[in-house]
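The primary structure of each chain is shown beneath.
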Amino acid sequence: MRVWRLAVIVLGTLWLSVGGAQAQTQGTAPATPPAASAPADATAAQRVLTPEQIEELQAMVGRMQSAMQDMVSSARSTAGRLAAGGQTIVLSTNEIAAIAIGAAGGAIVIDLLGGGGLATIAGAVVGGVAAHWLITVPPAASPASAG
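Residues numbered from 1 in each chain as written. Predicted model: local features only at pLDDT ≥ 70, side-chain atom pairs only at ≥ 80, totals over all residues. Heavy atoms only, no water.

Asks: I'd like a rundown of the overall build of the protein chain, residues and numbers included.
Replies: The helix and strand inventory of the protein chain stands at five helices and zero strands. Along the protein chain, helices (α) and strands (β) appear in the sequence α-α-α-α-α when read from the amino end. Burial analysis of the protein chain (147 residues in total) assigns 16% to the buried set. Summarising the internal contacts of the protein chain: among those between residues at least 6 apart in sequence, 73% fall at separations of at least 24. For the protein chain, the computed accessible surface area is about 11,000 Å², with 67% contributed by carbon and sulfur atoms. (Helix = DSSP H or I, 4+ residues; strand = E, 2+ residues; numbered from the N terminus. Buried < 20%, exposed > 50% of the residue type's maximum accessible area, 1.4 Å probe, protein only. Contact = heavy atoms within 4.5 Å. Areas by Shrake-Rupley, 256 points an atom, 1.4 Å probe, with all protein chains shown as cover.)

Asks: Can you lay out the side chain of Glu 95 for me, pointing to particular residues and giving the numbers?
Replies: Mapping Glu 95 onto the fold places it in helix H4 (residues 93–112). The exposure class assigned to Glu 95 is buried, which follows from its relative accessible area of 16%. If near-sequence neighbours (up to four positions away) are discounted, Glu 95 is found in contact with Val 90, His 132, Ile 135 and Thr 136.

Asks: Describe helix H3 (residues 51–84), and please don't skip the residues or the numbers.
Replies: Here H3 is 34 residues long and its end C-alpha atoms lie 49 Å apart, about the 50 Å a rise of 1.5 Å per residue gives. Backbone geometry just after H3 places Gly 85 at a positive phi near 80°. (Expected span 1.5 Å × (residues − 1).)

Asks: I'd like to hear about a nonpolar patch on the surface, residue by residue, with values.
Replies: Together, Leu 49, Ile 54, Leu 57, Met 60, Val 61 and Met 64 make up a nonpolar patch on the protein surface, roughly 510 Å² of accessible area in all. Structurally, Met 60 can be placed in helix H3. (Patch = residues over 30% accessible without salt bridge, like charges linked within 9 Å, V, L, I, M, F, W, Y side chains within 5 Å. Salt bridge = Lys/Arg side-chain N within 4 Å of Asp/Glu carboxyl O.)

Asks: Which residues make up the environment of Asp 70, and what values go with them?
Replies: Of note, Asp 70 is situated in helix H3. Looking at Asp 70, the relative accessible area reads 41%, which means it is partly exposed. Between the alpha carbons of Asp 70 and Trp 133 there is a distance of 9.3 Å; along the sequence they are 63 residues apart.

Asks: Can you explain H4? Please cite residues and give values.
Replies: Between its first and last C-alpha atoms H4 spans 28 Å; for 20 residues at 1.5 Å apiece the expected length is 28 Å, and the two agree. Those residues of H4 lying buried are Glu 95, Ala 98, Gly 102, Gly 105, Gly 106, Ala 107 and Val 109. Downstream of H4 by one or two residues, Gly 114 has phi in the positive range, about 105°.

Asks: Please provide a residue-by-residue account of the packing of H4 against helix H5 (residues 118–136), values included.
Replies: Orientation of H4 relative to H5, taken along the N-to-C sense of each, is 145°, at an axis distance of 6 Å. Judged by the sense of rotation from one axis to the other, the crossing of H4 with H5 is right-handed. Here H4 contributes Glu 95, Ala 98, Ile 99, Gly 102, Ala 103, Gly 106, Ala 107, Ile 110 and Asp 111 to the contact with H5, which in turn contributes Ala 119, Thr 120, Gly 123, Ala 124, Gly 127, Gly 128, Ala 131, His 132, Ile 135 and Thr 136. Across the contact of H4 with H5, the residue classes break down as nine nonpolar, eight polar and two charged. (Axes fitted to C-alpha atoms, helices over the stretch in contact; angles between N-to-C directions. Left-handed = near helix turned anticlockwise from the far one by under 90°. Nonpolar A, V, L, I, M, F, W, Y, C, P; charged D, E, K, R; others polar.)

Asks: Could you give an account of the packing of H3 against H5, naming the residues involved and the relevant values?
Replies: In a pair of packed helices, the angle between the axes and the distance between the axes together describe the arrangement. The interhelical angle for the contact between H3 and H5, taken along N-to-C directions, is 90°, at an axis separation of 10 Å. Considering their axes alone, H3 and H5 lie roughly perpendicular with respect to each other. For the pair H3 and H5, the contacting residues are Ala 67, Asp 70, Met 71, Ser 74 and Ala 75 in the first and Val 129, Ala 130 and Trp 133 in the second. Its residues assigned to classes, the contact of H3 with H5 comprises six nonpolar, one polar and one charged. (Parallel < 35°, antiparallel > 145°, perpendicular 65-115°, else oblique.)

Asks: Please set out the side chain of Thr 120 residue by residue, giving values where relevant.
Replies: You can see Thr 120 is positioned in helix H5. Given the relative accessible area of 17%, Thr 120 is considered buried. Filtering out sequence-adjacent residues up to four positions away, Thr 120 remains in contact with Ala 107, Ile 110, Asp 111 and Gly 115.

On their own, these measurements won't tell you what the molecule is for.
In structure tokens form, the structure reads like this:
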């Protein structure tokens, strides 16, 4: 079930990145000369984030940083145990599928965003590690109901 959720997340990310890449290429097309009323329209078209939106954005970035730190520490501890030769890892078919989906998705997203070569490879590695971490993270314990 987690593999399907991961596949949906990757496909959604790909869809968003393709839309962003199309918007970016459309934005780089030669523009027509501005009209006389351009300065008044330009100020109306500018988007300014409200303080609430800025706080939400900062909170989301903080959650993402925390999740990435958890993922990196988990990968680092596993790599340390493997390097010491004290642990054998067995991967299930679902975990292998998740790694493959994450690696492909990470590489494609980075490539669509303009990365090339090493950046795309790094995207594949990060996508694979993130997908494996997402598939193997234990479910959050639900709080005990007070009776």
